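Secondary and tertiary structure notes
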Amino acid sequence: MTRLFSGSSRSRVLSCVLIAVVLIALSMLADGWVAEHVRYGRVYETDWGRMLRNFGYLPFWLLAAIALALHDRESSAWWRRAAMLAAAPTLAGMAGEALKILVRRGRPPDVGNAYAFRAWSNHPLSSRGFGFPSSHAVVAFGAAAILSRMFPRARWVWYAAAAACAFSRLLAHAHYLSDVVAGAAIGIGVAGLAWWWLAPREGVAD
């Protein structure tokens, strides 16, 4: 934990948070145009569309974590990589659901592109129908970020898959651009925390 809360680490975290906030704010400026023009309603009727959506499906990554644990079973710390792969998208997804309930912003309407918010008096603890942030983007980027740490040579594969998943949500008209940008930021941030907590420390035997 000392490594996480050192002065340099705090500065880096604050810088990343500031960048994320700026990117989300900028994406909100484009929300209306993207919601109006970036659409392909049949995206999930295609094989490639369904494949992309699955990158943001949490059980897919839990299954992958089990497979990774079995692959690493002869290692002294066989559980570590599997735990990170399970924890990053799971915790990111939980954070995303909590933020949905707090922000309470609906998905893009079929006609127009104006934001709509649901009152707290209407199902206060349900995230159903909310779009900010995108759950699929949160999970996909949480998995991509932790995989890029574990398998850095393939980082562009992981991030390209997560970005494609997020883009499919825009094509499906299920989210605003800022929904998926926020989802990406949360997923990457939570994965970073999972890495700091669970990755092997220097000088500590597995």
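To be clear, the structure that these remarks concern was listed above.
As the structure is a computational prediction, the values presented were derived from the model and not from experiment. (Residues numbered from 1 in each chain as written. Predicted model: local features only at pLDDT ≥ 70, side-chain atom pairs only at ≥ 80, totals over all residues. Heavy atoms only, no water.)

Overview of the overall build of the chain
Counting secondary structure elements, the chain contains eight helices and zero strands. Rg of the C-alpha trace for the chain: 18 Å, near the compact-globule value of 17 Å for 206 residues, within the 12% margin. In terms of overall dimensions, the chain has C-alpha extents of about 60 × 40 × 35 Å along its principal axes. Counting across all 206 residues of the chain, residues that qualify as buried make up 40%. When contacts within the chain are restricted to residue pairs at least 6 apart in sequence, long-range pairs at least 24 apart make up 76% of them. Between the averaged position of the 21 positive side-chain charges in the chain and that of its 11 negative side-chain charges there is a distance of 4 Å. (Helix = DSSP H or I, 4+ residues; strand = E, 2+ residues; numbered from the N terminus. Rg over C-alpha atoms; globule rule 2.2 N^0.38 Å. Buried < 20%, exposed > 50% of the residue type's maximum accessible area, 1.4 Å probe, protein only. Contact = heavy atoms within 4.5 Å. Lys, Arg positive; Asp, Glu negative; His and termini not counted. Charge placed at Lys NZ, Arg CZ, Asp CG, Glu CD.)

A short note on the side chain of Ser168
Looking at where Ser168 falls in the secondary structure, it is placed in helix H7 (residues 155-171). One polar contact links the side chain of Ser168 to the main-chain carbonyl oxygen of Cys165, over a distance of 2.6 Å. (Polar contact = N/O pair within 3.5 Å; in protein donor to acceptor, adjacent residues only side chain to side chain.)

Observations concerning the packing of aromatic side chains
Applying the stated criterion across every chain yields a total of seven aromatic pairs. On the basis of an interplanar angle of 75° and a centroid distance of 6.5 Å, the ring pair of Tyr115 and Phe117 is categorised as edge-to-face. Note on Phe117: relative accessible area 54%, which makes it exposed. Pairing Phe151 with Trp158 gives two aromatic rings, centres 6.4 Å apart and planes at 55°, and the pair type is tilted. Classification of Trp158 as partly exposed rests on a relative accessible area of 24%. The ring of Tyr115 is capped by Arg105, whose NZ or CZ atom sits 4.2 Å from the centre of that ring. (Phe/Tyr/Trp six-rings, centres within 6.5 Å; stacked < 30°, edge-to-face > 60°. Lys NZ or Arg CZ within 6 Å of the ring centre and 35° of its normal.)

Quick look at helix H8 (residues 177-198)
Helix length check: H8, at 22 residues, gives a terminal C-alpha distance of 32 Å against a target of 32 Å (1.5 Å per residue), a fit within 8%. Three or more residues of H8 are buried, namely Ser178, Asp179, Val180, Ala182, Gly183, Ala184, Ile186, Gly187, Val190, Ala191, Gly192 and Ala194. (Expected span 1.5 Å × (residues − 1).)

With respect to helix H4 (residues 58-71)
In this model H4 runs 20 Å from its N-terminal to its C-terminal C-alpha over 14 residues, within 8% of the 20 Å that 1.5 Å per residue would give. Within the sequence span of H4, burial applies to Trp61, Ala65, Leu68 and Ala69. Across the axial projection of H4, the buried residues extend over an arc of 100°, all falling on one side. Exposed positions of H4 whose direction lies more than 90 degrees from the buried face are Leu63, Ile66, Leu70 and His71. Where H4 is buried, its residues meet helix H5 (80-103) and helix H6 (135-150). (Arc of directions from axis to C-beta.)

A short note on unusual backbone geometry
Pro133 follows Phe132 through a cis peptide bond whose omega is 0°. Along the polypeptide, Pro133 turns up in the loop between H5 and H6. One non-glycine residue, His173, lies in positive phi territory at about 60°. Checked against the element boundaries, His173 lands in the loop between H7 and H8.

Topic: the packing of H7 against H8
Remark: H7 packs on H8, axes separated minimally by 9 Å, with the N-to-C direction vectors making an angle of 150°. With respect to each other, H7 and H8 are oriented roughly antiparallel. Considering how the two elements wind past one another, H7 and H8 form a crossing that is right-handed. Seen from H7, the contacting residues are Tyr159, Ala166, Arg169 and Leu170; seen from H8, they are Leu177, Val180 and Ile188. (Axes fitted to C-alpha atoms, helices over the stretch in contact; angles between N-to-C directions. Parallel < 35°, antiparallel > 145°, perpendicular 65-115°, else oblique. Left-handed = near helix turned anticlockwise from the far one by under 90°.)

Observations concerning a nonpolar patch on the surface
A surface patch of nonpolar side chains, about 620 Å² in accessible area, is lined by Leu18, Ile19, Val22, Leu23, Leu26 and Leu29. Looking at the secondary structure, you find Leu23 in helix H1 (residues 7-29). Among the residues examined, Leu23 registers a relative accessible area of 46% and is labelled partly exposed. (Patch = residues over 30% accessible without salt bridge, like charges linked within 9 Å, V, L, I, M, F, W, Y side chains within 5 Å. Areas by Shrake-Rupley, 256 points an atom, 1.4 Å probe, with all protein chains shown as cover. Salt bridge = Lys/Arg side-chain N within 4 Å of Asp/Glu carboxyl O.)

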